[in-house]
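Structural description and commentary
Listed below are the residues making up each chain.
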Protein chains: 4
Amino acid sequence: MTDEGEGGYWPPPEHGPARDLVGYGAEPPVVSWPNGARLAVSFCLNVEEGSERSFAFGDAANEPNPDYPKPFPADVRDLTTESLFEYGSRVGVHRVLELFEDLGVTCTAFACAVALAANPSVGRRLVDAGHEVCSHGLRWTEPWTLGREAERDAIRDAVRLFEDTVGVRPRGWYSRYGPSIHTRELLHAEGFAYDSDAYNDDLPYYVEVAGDHHLVVPYTMLYNDAQMAGRVGGEEWLASLVRGFDQLLAESATTPKLLSIGLHPRFSGQAARTSLLREFIEHAQSTGQAWFARRDEIADVFTAQHPPPGPRTPTT
Amino acid sequence: MTDEGEGGYWPPPEHGPARDLVGYGAEPPVVSWPNGARLAVSFCLNVEEGSERSFAFGDAANEPNPDYPKPFPADVRDLTTESLFEYGSRVGVHRVLELFEDLGVTCTAFACAVALAANPSVGRRLVDAGHEVCSHGLRWTEPWTLGREAERDAIRDAVRLFEDTVGVRPRGWYSRYGPSIHTRELLHAEGFAYDSDAYNDDLPYYVEVAGDHHLVVPYTMLYNDAQMAGRVGGEEWLASLVRGFDQLLAESATTPKLLSIGLHPRFSGQAARTSLLREFIEHAQSTGQAWFARRDEIADVFTAQHPPPGPRTPTT
Amino acid sequence: MTDEGEGGYWPPPEHGPARDLVGYGAEPPVVSWPNGARLAVSFCLNVEEGSERSFAFGDAANEPNPDYPKPFPADVRDLTTESLFEYGSRVGVHRVLELFEDLGVTCTAFACAVALAANPSVGRRLVDAGHEVCSHGLRWTEPWTLGREAERDAIRDAVRLFEDTVGVRPRGWYSRYGPSIHTRELLHAEGFAYDSDAYNDDLPYYVEVAGDHHLVVPYTMLYNDAQMAGRVGGEEWLASLVRGFDQLLAESATTPKLLSIGLHPRFSGQAARTSLLREFIEHAQSTGQAWFARRDEIADVFTAQHPPPGPRTPTT
Amino acid sequence: MTDEGEGGYWPPPEHGPARDLVGYGAEPPVVSWPNGARLAVSFCLNVEEGSERSFAFGDAANEPNPDYPKPFPADVRDLTTESLFEYGSRVGVHRVLELFEDLGVTCTAFACAVALAANPSVGRRLVDAGHEVCSHGLRWTEPWTLGREAERDAIRDAVRLFEDTVGVRPRGWYSRYGPSIHTRELLHAEGFAYDSDAYNDDLPYYVEVAGDHHLVVPYTMLYNDAQMAGRVGGEEWLASLVRGFDQLLAESATTPKLLSIGLHPRFSGQAARTSLLREFIEHAQSTGQAWFARRDEIADVFTAQHPPPGPRTPTT
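Residues numbered from 1 in each chain as written. Chains lettered and ligands numbered in written order. Predicted model: local features only at pLDDT ≥ 70, side-chain atom pairs only at ≥ 80, totals over all residues. Heavy atoms only, no water.

Considerations on the relation of the copies chain D and chain A
Note on the identical chains: chain D maps onto chain A by a rotation of 90° and an axial translation of 0.0 Å, with an RMSD of 0.0 Å. The operation mapping one copy onto its partner corresponds to a four-fold rotation axis. Comparing interface residues between copies, only 5% of those in chain D also lie at the interface in chain A; the contact surfaces differ. (Least-squares fit on C-alpha atoms with pLDDT ≥ 70 in both. Contact = heavy atoms within 4.5 Å.)

Here's the deal with the interface of chain D and chain A
Of the residues lining the interface, 60 residues belong to chain D; the matching set on chain A comes to 46 residues. A combined buried area of about 4,700 Å² lies between chain D and chain A, and 56% of that area is made up of carbon and sulfur atoms. A per-residue breakdown of the area chain D buries against chain A is headed by Phe57, Arg77 and Arg90 of chain D, which together make up 16% of the total. The tally of links from chain D across to chain A stands at nine salt bridges. Residue Glu235 of chain D is joined to Arg243 of chain A by a salt bridge in which the shortest nitrogen-to-oxygen separation is 2.8 Å. Run the count over chain D and chain A and you get 28 residue pairs in polar contact (both at pLDDT 80 or more). Put simply, the parts of the chain that give the side of chain D that touches chain A at least two residues each are α1 (79-103), α2 (113-118), α4 (148-166), α6 (234-251) and α8 (271-286) of chain D. A per-element tally of the side of chain D that touches chain A places α1 of chain D first, with 14 residues. Of the residues contributing to the side of chain D that touches chain A, the split by class is 26 nonpolar, 16 polar and 18 charged. (Buried area = accessible area lost by both parts, 1.4 Å probe. Salt bridge = Lys/Arg side-chain N within 4 Å of Asp/Glu carboxyl O. Polar contact = N/O pair within 3.5 Å; in protein donor to acceptor, adjacent residues only side chain to side chain. Helix = DSSP H or I, 4+ residues; strand = E, 2+ residues; numbered from the N terminus. Nonpolar A, V, L, I, M, F, W, Y, C, P; charged D, E, K, R; others polar.)

Side note on the relation of the copies chain C and chain B
With an RMSD of 0.0 Å, the fit of chain C onto chain B corresponds to turning through 90° and sliding 0.0 Å along the axis. Here only 7% of the contact residues of chain C are again contact residues in chain B; the copies associate through non-equivalent surfaces.

Here we look at the packing of helix α6 (residues 234-251) of chain A against helix α6 (residues 234-251) of chain B
Packed helices, taken two at a time, are described by their axes: the angle between them and the distance between them. Closest axis-to-axis distance for the α6 of chain A/α6 of chain B pair is 8 Å, and the angle between their directions is 85°. Taken together, the axis directions place α6 of chain A and α6 of chain B in an arrangement best described as roughly perpendicular. Mapping the contact onto sequence places Gly234, Glu235, Glu236 and Leu238 of chain A in α6 of chain A and Glu236, Ala239 and Arg243 of chain B in α6 of chain B. The residue inventory of the contact of α6 of chain A with α6 of chain B, partitioned by class, reads two nonpolar, one polar and four charged. (Axes fitted to C-alpha atoms, helices over the stretch in contact; angles between N-to-C directions. Parallel < 35°, antiparallel > 145°, perpendicular 65-115°, else oblique.)

A word on the side chain of Glu251 of chain D
Locating Glu251 of chain D in the fold gives a position in helix α6. Residue Glu251 of chain D is classed as buried on the basis of its relative accessible area, which comes to 16%. Ignoring anything within four residues of it in the chain, the contact list for Glu251 of chain D reads Arg95 of chain C together with Lys257 of chain D. (Buried < 20%, exposed > 50% of the residue type's maximum accessible area, 1.4 Å probe, protein only.)

As structure tokens, this is what we get:
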């Protein structure tokens, strides 16, 4: 058994960002959500169809078919999988947005810039309805393959394309699986208000980045509709959302919390699943204590009530 | 990050058919189904057992066992998997057709020509009961491996074998996973009225093929009984069908839609699953607003009400 | 597209037993089960723990862990998986047999000879309670790797070990996945009354073997408790059994059928699953129309009512 | 078919510990749990986050992402998976311990020493609340790769680190998947009171180790919350726990048993799953017959009532 480092077994030797296994622990901070709401519910609608990996784009592989797993060659157009993704952009995203508009819910779109270029009407509908457009990158890429400089350029390219397509500079970033060891530092330097590349907490928190404080609004995979892609059925997924909401609401009597729910137009935009989503929202609304929040709103509320420990150092 | 094409990031460089991520968007066309029905339900019965890949046919691999995944050599008869497929042809297809006849439901058979050659009585029963025989190809093949000329020959071989076995020329085509970049153009040239190689919409639509308009009647994997092959349980599958039907029916108050449900005799022809299917059909029938339609009927109704934008150019 | 054989596309070229995709079709034979019962329920208890592949036996691989899939080296004792299998022999088989004795159910044990050698008390308990001991082979082997002569020797070795351990010569055979192209012919020559290497029917049937008639009592994977090994939950499995039973019972009003349910002591012998099994049996018994039958009894009843078309030719 | 050993087919040739497929069989011993309780329920909380394999630690592979399976390179920090594991240590473990404290449940922590070093407050909370700290090793390792001497050193290193972090020497050991052929012998020589490297029984038992008797308190994978990691839904998991409890409770009228339930902070510490856990505990408590026991207590009670057959030989 090797001895890790000189002083002991923890922390691991450095290869990038330090790990923090402690966090808030048993005493998370108390935050007050607007209008006395106890639980913030953040729907994250992954608007990314059209940006997935495909031979048509010259990528090294076609994205696997989520509904019908099957080995498929990399150097052939996989028209089946392409078509399945297209459902999200052509049909599914409108069904979900229709539901949100009908029930008065605002959300954050984790949008790939190319997906908005492929279907500009979606970007307009998002902005018109008051949803946040958060950057999910340019296309599906693997940032750790780029190197620091090229990753910075890709971030800037994505920002420019968002400005071109929706006229808005995103304030947040959520990496398609997953960030590199440089991502957070680059995002901070580019002035992003927050990132969501974290699955390790129920509340926003600060991390030290380049001597400054950087805000993280954490996300989760558990309540993600991708759980239904060949893994669990819809009734189980709905039950999971309801249990998660009820448990967090109960805890929020003392320390208000955040429930993040990841959605994909190609999944939740299918009729059977939009039906599940409606049922969950109606349950949450029936309590009168849910705040359907954009992540930039969450970031602003949290920062206002819990400013970073020291003065924020301007970065170049 | 590379710049895709000269003008920007979308569309991807050409390697075959262009992608359309926009579709009807928020404003699908209004179609009136016969007899005031609001929702068209298209059962697609995949009559293909006997045509699956197997060492007995000299194929490069045995089809994997859907009920009991297990690595198996390619150069040995996998009598277990063969037998499991045979259940569909010997028993399952009759159980499903019996149910359809009992409840007055007509459907489209996605039939492989060789499967009908292996069990001619099934072809006769399909035709006698008024079901549509749509081509699912000759056998399970991978069209993208053939090249354009050989694929055209295979399409013509399949058509001839359908004429030999059921005396009918199919008007539609649905590729076993999945089409090549030539398939749609070849089908249009051969005079097919529609194809179902699409998963990207809730309604039929036209695409431009060789300067002409070609009708697509889209399909879906979501409500497919293959979801039950080691992925979700039957009760979850039934719940998914009921939710999908109810949601689409609600939407059909303004824009009537299409619900496609893929079935396989080796899956839905098992007693426990036929029981699920009966329960769904009885639910749909209880609303009095479902039209259990053949896909060629759907194509005809749609084309009559929404003729293609320009005159259809005869193809050779 | 190649032309299969000279005359057409079906049947496939010969590489062993001919395939039959037709079977009884829409008109299965009518069989009368004893005492006016309408539906025969055949529990097949796979008594095989201890015979699975393992490095301890010098096998080329350890059997994968069904409850916790994980790559594991072939040349190391996988004590975790071994222990998990042992549960079936030490605890699970007794819990299932206790339930059967409590509810008056008899079954067929698909027994590996080595599993009975490893735990002789199980063989005695099976025989004492009136269950059938059907051969599931000597150990878990892959018959297609042996060649015809060695496979015949392995069959004879297995028979001898059954005679040594339980004092009974098995009348039936069910191959561990799966039979070779020689298996059925060898079993017929050795005088077995039936085999269950088929998943393609709801009723027994004859196949021609070496110019004679051989009885097949088909099995199924659908209702197998292995479906619960990381695939579907227990409530879904129970629902599947109840639906299958109810559907087949309804059909049995005109043509009595057979429901086969595969069980494994390491799965169904776990307390939560024995609870599911009890609930199913009580449901079936409440109808008063189920016959919990041994497969040799089923074979005898069927053969008596539907003797093979011609006289059975003695084989050497 | 080879002849295994000289005398027959069982046992397998020796490559380490002998297998026992017989166990208690149909006649398990009768044990009386404290206070007339009929069923012992042992929650095993796997406190291991931070000790999983990762590139940050110089391991040969990153631990796969349990919530989002995806191939990932071995020589890159997988910050997504790291973050997901961190949830268990930062948030999840406190939510589960809060629940246990609220409902008066004590448990055994299967703790990796490095996980406690990474978050010392968790060790303190475990000890303060009266839970047992059982060794789950130093970090996630594969003991069979070490060799006997290095494995002994690793065991001693782990013990020292437990003494440093929580001030307690563990009395039990549970190997991260899985033990080597030397593990049990080494643990016995180091004076451990029991190990849980077994899945083959419902009650503790003795095995002969180096001429002495060694106590095994068996564990199970069936009721483990890892079943929910992409396999079955939460409602199915809860139903499984309730069925398992009810069945074992019924059996415990004559022979009291042990129900082991494995939990992981990164799974059961997610809000939706803590809700499931609460529901199960409340069900068990409502019977008034459950003893929520530490495994060292179970070992002590069993040993006192069923001392090993002969005098325990002191080991070096």
